[in-house]
Amino acid sequence: MKIKYLKPAPLGSVGDVQDVPNDQAMILIRLGIAKEYKARSNKKSENEAKIDKSE
């Protein structure tokens, strides 16, 4: 699971995103050290790709 650190930790600084095993991620999330990271989709890039395909 990808997580984003909210507090300094031995394996990451605030704002770092890492892929860690699910059991470790759940512990860090429950302790308030991290939150689950979900990547945003870039709609502008998707629209640009559609325009390029139509040309």
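Structure: above.
An account of the accompanying structure is given in this report. Every value quoted in this text rests on a predicted model; they were computed, and no experiment measured them.

Conventions adopted
Residues numbered from 1 in each chain as written. Predicted model: local features only at pLDDT ≥ 70, side-chain atom pairs only at ≥ 80, totals over all residues. Heavy atoms only, no water. Helix = DSSP H or I, 4+ residues; strand = E, 2+ residues; numbered from the N terminus. Buried < 20%, exposed > 50% of the residue type's maximum accessible area, 1.4 Å probe, protein only. Contact = heavy atoms within 4.5 Å. Core = buried A, V, L, I, M, F, W, Y, C linked by side-chain atoms within 4.5 Å. Pairing = 2+ DSSP bridges. Axes fitted to C-alpha atoms, helices over the stretch in contact; angles between N-to-C directions.

1. Quick word on the overall build of the protein
Part 1 of the reasoning: Along its length, the protein carries two helices and three strands.
Part 2 of the reasoning: Counting helices and strands in the order they occur from the N terminus, the protein gives β-β-α-β-α.
Part 3 of the reasoning: In the protein, which comprises 55 residues, the proportion classed as buried is 13%.
Part 4 of the reasoning: Restricting the contact set of the protein to residue pairs at least 6 apart, pairs at least 24 apart contribute 47%.

2. Side note on the nonpolar core
Part 1 of the reasoning: Counting residues in hydrophobic clusters, the biggest one holds six residues: Ile-3, Tyr-5, Val-20, Ala-25, Leu-28 and Ala-34.
Part 2 of the reasoning: The set of elements that each furnish at least two residues to this core consists of β1 (2-5) and α1 (22-30).
Part 3 of the reasoning: For Ile-3, the residues in contact, after removing those within four places along its chain, are Asp-16, Val-17, Gln-18, Val-20, Ala-25, Leu-28, Ile-29, Ala-34, Lys-35, Glu-36 and Tyr-37.

3. Describing the environment of Leu-28
Part 1 of the reasoning: With respect to the helices, strands and loops of the structure, Leu-28 is situated in helix α1.
Part 2 of the reasoning: A relative accessible area of 18% places Leu-28 in the buried class.
Part 3 of the reasoning: Counting along the chain gives 24 residues from Leu-28 to Lys-4, while the straight-line C-alpha distance between them is 9.9 Å.
Part 4 of the reasoning: Aside from chain neighbours lying at most four places away, what touches Leu-28 is Ile-3, Tyr-5, Ile-33 and Ala-34.

4. Let's talk about the sheet that holds strand β2 (residues 17-19)
Part 1 of the reasoning: Within the open sheet, the three strands sit side by side as β2-β1-β3. Their pairing is antiparallel. Across the chains shown, the open sheet's two edge strands, defined by having one partner strand only, are β2 and β3 (34-36). Across this sheet, the average inter-strand angle for adjacent strands is 35 degrees, counted without regard to direction.
Part 2 of the reasoning: As paired elements, β1 and β2 share three bridges and run antiparallel to each other. Note on β2: the bridge partner recorded for Lys-4 is Val-17.

5. Regarding the pairing of β1
Part 1 of the reasoning: A one-sided burial pattern is seen for β1, the buried positions being Ile-3 and Tyr-5 and the unburied ones Lys-2 and Lys-4.
Part 2 of the reasoning: With three bridges connecting them, β1 and β3 associate as antiparallel partners. Note that in β3 the partner of Ile-3 across the bridge is Glu-36.

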